[in-house]
Amino acid sequence: MNFIITIVVGAIAGWLVDLAFKRFSFSLLYQILLGIAGAFVGSFLFEGEFHSMLGLPSFAARVLEAFLGASVILLLIILYRRFTSKS
């Protein structure tokens, strides 16, 4: 059951990041994978503190952590491309 919740959270977070970053346009599979990776990064960075800090429900806190984690991943990709491109 936890695996299914992780996929649902990843799909929602990936979709939200795709909406927020118009520069990238991902397929549904990439959105889910980015959201799941973002969930891991977000839980590592914030250690599940949104639930207690902001008083959010557990599901909303997981989506917010995954969204912020996926945003961090995309920002790192943007920075990497900017500094490695030969322009």
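The model shown is predicted, which means the values in this text are computed figures rather than measured ones.

A. Representation of the overall build of the chain. A count of helical and extended segments in the chain gives four helices and zero strands. Secondary structure elements of the chain, listed N to C terminal, follow the sequence α-α-α-α. In terms of overall dimensions, the chain has a C-alpha envelope of 45 × 25 × 20 Å along the principal axes. Looking at the chain as a whole, 32% of its 87 residues qualify as buried. In the chain, of all internal contacts separated by at least 6 residues, the share reaching a separation of at least 24 is 62%. Entry remark: accessible area of the chain is about 5900 Å², with carbon and sulfur atoms responsible for 71%. For the chain, the distance from the average site of its 6 positive side-chain charges to the average site of its 4 negative ones is 19 Å.

B. Representation of the packing of helix H2 (residues 28-46) against helix H4 (residues 58-84) within the structure. Running from N to C, H2 and H4 point in directions that differ by 100 degrees, and their axes come no closer than 6 Å. The angle between the axes of H2 and H4 places the two elements in the roughly perpendicular class. Contact with H2, carried on its side by Leu34, Gly35, Ala37, Gly38, Ala39, Val41, Gly42, Ser43, Leu45 and Phe46, involves Glu65, Ala66, Leu68, Gly69, Ala70, Val72, Ile73 and Leu74 of H4 and no other residues of that element. Within the contact of H2 with H4, the residues separate by chemical class into 12 nonpolar, five polar and one charged.

C. Molecular detail of the nonpolar core. In this structure, Val17, Phe21, Leu34, Ala70, Ile73, Leu74 and Ile78 together form the largest nonpolar core, which totals seven residues. With sequence-adjacent residues up to four places away left out, leucine 34 is seen in contact with Val17, Phe26, Ala70, Ile73 and Leu74. Listed in part, the five residues of the second largest apolar core include Ala13, Ala39, Val63 and Ala66.

Criteria and cut-off values
- Residues numbered from 1 in each chain as written.
- Predicted model: local features only at pLDDT ≥ 70, side-chain atom pairs only at ≥ 80, totals over all residues.
- Heavy atoms only, no water.
- Helix = DSSP H or I, 4+ residues; strand = E, 2+ residues; numbered from the N terminus.
- Buried < 20%, exposed > 50% of the residue type's maximum accessible area, 1.4 Å probe, protein only.
- Contact = heavy atoms within 4.5 Å.
- Areas by Shrake-Rupley, 256 points an atom, 1.4 Å probe, with all protein chains shown as cover.
- Lys, Arg positive; Asp, Glu negative; His and termini not counted.
- Charge placed at Lys NZ, Arg CZ, Asp CG, Glu CD.
- Axes fitted to C-alpha atoms, helices over the stretch in contact; angles between N-to-C directions.
- Parallel < 35°, antiparallel > 145°, perpendicular 65-115°, else oblique.
- Nonpolar A, V, L, I, M, F, W, Y, C, P; charged D, E, K, R; others polar.
- Core = buried A, V, L, I, M, F, W, Y, C linked by side-chain atoms within 4.5 Å.

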